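# Structural overview for review
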Amino acid sequence: MAETAAVALNEVVVAFRVARGGTFTAVDRATLRVADGEFVAIVGPTGCGKSTLLNIAAGLLTPYAGGAEIFGAPLAGLNTQAGYLFQADALFPWKTALDNVAIGLEIAGTSPADAKPRAHEWLKRVCLGAFADRYPHMLSGGQRKRVGLAQVLIRDPKILLMDEPFGPLDAQTRQIMGNLLLDLWSADRKAVLFVTHDLEEAIALSDRVVIMSAGPSSRMIGDWRVPLPRPRDIGEVKLSPAFHDLHREIWHSLKAEVLKGYAQAEVA
Amino acid sequence: MARLNLLALQVFVAIVTIAIWYVLSTYPVFGKIVLPPFFFSTPVDVAKQVAAWFASGVIWKHLWVTLLESILAFIIGSIGGVLVGFLFALLPRLAAVFDPYIKMVNALPRVVLAPIFTLWLGLGIWSKVALGVTLVFFIVFFNVYQGIREVSPTVLANARMLGMNGWQLMRHVYWPSAMSWMFSSLHTSVGFAVVGAVVGEYLGAAAGLGYLIQQAEGVFDVAGVFAGMFVLAAFVIVIDFVVTLIERRLLIWRPAVGDQRP
């Protein structure tokens, strides 16, 4: 590839030492490139190490072998160009929604007087303008995710890493959040690496879907382009024949891995 | 309406208890007084004693001394607990070295330290403050230590991904978390500050509520002992009320029990 990728994972191996001197290989030689402005989804069965790969791209985890490159430069330490949306609640419970969003700017040295109005703008963009004074426990799960999204995006990261961010939400809220994400993303097209176990969500959102095999020693086993036109509405795109064809094709190869994953989980 | 009802019932319990006490300590049942006034006093005598203290104003000095000792014990113990809690949470090696000694001192009944403090610091307020500090310190210390170690890993990872450096992590993550744990134990630590002050006074002092009770006991003045206990109880309730107000203000971001949304 001539263009330098926003995120490049080169032959990444993730292994943990286990008792009695052995090693457990979670991810085996995974290679992945995410071009600038590209929306890539990683789909795989439970426990295949897709979140682990995301943590490596974030610099939260150092691989056993192989490495990550961010815009061509080897990643050492935390990935400062990335914003990370976590699966679990990651908001600061002792800060209001507004302060939670403003903190990203304040850390970087913006004065609170400048940061607060901008944070308010972002809260409005995620449709929470009226909830600025609420603490996280007073918000619903979907609202907390919106605050999280604003918290990450206000820093304007070049790369967006998302770890099943809409996992705990109900189906309707997921669809609304997906559309909101696409809406915000289309404004400036960051590189996105989106981890999910939901194939439909992956296809509806992304430009490319990467499939991982069941763990241990999981690998990339498939890479599909999603030729659906943008802008998309998630509810509508799921009704198009092209979506169904692609879904059937990918599911065909994913199904065997999902069953393998279950079988292994039961043995363990 | 429900609140008023509750208050009425609470007052009712107090009236019934005092009435039973009054009847049994004043009127003979089958020719015998069940609660002899020499051992149990009577509500009237106790009320008279309390009224006399407030009328003469002598009680204010004792209340002030106990309050001052409690406040000082709470402040010094809390500062110590926060500092050591942070130090140990951030330097696990240090914590590991001191762990058995912390456990040892904490297991020690603090009353046995009172004579030592009296020897070292005299009969004034500082020996009582020291006793209160040894009680408050450990509660605050354990809570701060726990608060720092129990920061959610996701919140911590999020803070780091948002670009926080060590100092910012301290200010925006560790400190609020430690404070929330400390504040949630505020009732206990304030209570122990009062216990330290009163027990210290009881064991040897020149002023304070504990001293007042001990003096009354010394001359078999049971009415005085009960009166001292009532003043102390009222004092503790007022302090507890103030702590509740402070707590409500400080922990506004925390969900009330059962109020957590999924």
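This one's a predicted model, so the numbers in the text were calculated from it and none came from an experiment.

### Some words on the overall build of chain A
When helices and strands are counted, chain A shows eight helices and 10 strands. Taken against the 2.2 N^0.38 rule, which gives 18 Å for 268 residues, the C-alpha radius of gyration of chain A at 19 Å falls within 12% of a compact globule. Expressed along its principal axes, the backbone C-alpha trace of chain A runs to roughly 50 × 50 × 45 Å. In chain A, which comprises 268 residues, the proportion classed as buried is 41%. Contacts in chain A between residues at least 24 apart in sequence constitute 69% of all its contacts with a sequence separation of at least 6.

### Description of the pairing of strand β9 (residues 208–212) of chain A
All names here are of chain A. Among the five residues in β9, four count as buried, and that is most of the element. For β9 and strand β10 (residues 220–225), the ladder comprises five bridges, and the chain directions are antiparallel. Across the sheet, the residue bridging to Val209 is Trp224, located in β10.

### Some words on the interface of chain B and chain A
Of the residues lining the interface, 18 residues belong to chain B; the matching set on chain A comes to 21 residues. Counting residues per element, the ones that place at least two in the side of chain B that touches chain A are α8 (153–161) and α9 (166–184) of chain B. The element best represented in the side of chain B that touches chain A is α8(B), accounting for six residues. Split into classes, the residues belonging to the side of chain B that touches chain A amount to nine nonpolar, seven polar and two charged.

### Digging into helix α7 (residues 125–149) of chain B
Between the first and last C-alpha of α7(B) there are 36 Å, a value that for 25 residues agrees with the 36 Å anticipated at 1.5 Å per step. A large share of α7(B) lies buried, amounting to 21 of its 25 residues.

### Things to note about helix α2 (residues 97–107) of chain A
Along α2(A), nine of the 11 residues are buried, which leaves the element largely enclosed by surrounding structure. Looking only at α2(A), the buried set comprises A:Ala97, A:Leu98, A:Asp99, A:Asn100, A:Val101, A:Ala102, A:Ile103, A:Gly104 and A:Leu105. Where the residues of α2(A) are buried, they touch α3 (112–125) and α4 (141–153) of chain A together with α9 of chain B. Once α2(A) ends, the next one or two residues include A:Gly109, with phi positive near 105°.

### Here we look at the domain arrangement of chain B
Residue and element names in this part refer to chain B. Taken domain by domain, chain B consists of domain 1 (1–38) and domain 2 (41–250). For domain 1 and domain 2, the distance between their C-alpha centroids amounts to 33 Å. Taken together, the contact between domain 1 and domain 2 spans seven residues of the former and four residues of the latter. Of all the secondary structure elements, the ones that give two or more residues to the side of domain 1 that touches domain 2 are α1 (2–26) and α2 (37–40). For the side of domain 1 that touches domain 2, the leading source of residues is α1, giving five residues. Of the residues contributing to the side of domain 1 that touches domain 2, the split by class is five nonpolar, two polar and no charged.

### Concerning the confidence of the model for chain B
Atomic detail in the predicted coordinates should be set aside for any region of low pLDDT. Residue and element names in this part refer to chain B. When pLDDT is averaged across chain B, the result is 90; 97% of the residues are at 70 or more. Scored below 50 in pLDDT, residues 258–262 shows five contacts in the model against residues more than four places distant or in partner chains. Interface confidence for the predicted complex, given as ipTM, is 0.87, next to a pTM of 0.81.

### Some thoughts on the environment of B:Val198
Residue and element names in this part refer to chain B. Tracing the backbone through its elements, the reader meets Val198 in helix α10 (residues 186–203). By the C-beta count within 10 Å, which is 28 here, Val198 ends up buried. For the pair Val198 and Lys32, spaced 166 residues apart in sequence, the C-alpha separation works out to 36 Å. Excluding its chain neighbours within four sequence positions, the residues that come into contact with Val198 are Thr66, Leu209, Gly210 and Leu232.

### Looking at the sheet that holds strand β6 (residues 82–85) of chain A
Residue and element names in this part refer to chain A. Strand order in the open sheet formed by six strands is β6-β7-β8-β3-β9-β10, and the pairing between neighbours is mixed. The two strands at the open ends of the sheet, each matched to only one other strand, are β6 and β10. On average, adjacent strands in this sheet sit at an angle of 15° to one another, irrespective of strand direction.

The rules behind the values
Residues numbered from 1 in each chain as written. Chains lettered and ligands numbered in written order. Predicted model: local features only at pLDDT ≥ 70, side-chain atom pairs only at ≥ 80, totals over all residues. Helix = DSSP H or I, 4+ residues; strand = E, 2+ residues; numbered from the N terminus. Rg over C-alpha atoms; globule rule 2.2 N^0.38 Å. Buried ≥ 20, exposed ≤ 12 C-beta atoms within 10 Å, placed from the backbone. Contact = placed C-beta atoms within 7 Å. Pairing = 2+ DSSP bridges. Nonpolar A, V, L, I, M, F, W, Y, C, P; charged D, E, K, R; others polar. Expected span 1.5 Å × (residues − 1). Domains from an automatic or database assignment. pLDDT = per-residue confidence, 0-100. Axes fitted to C-alpha atoms, helices over the stretch in contact; angles between N-to-C directions.

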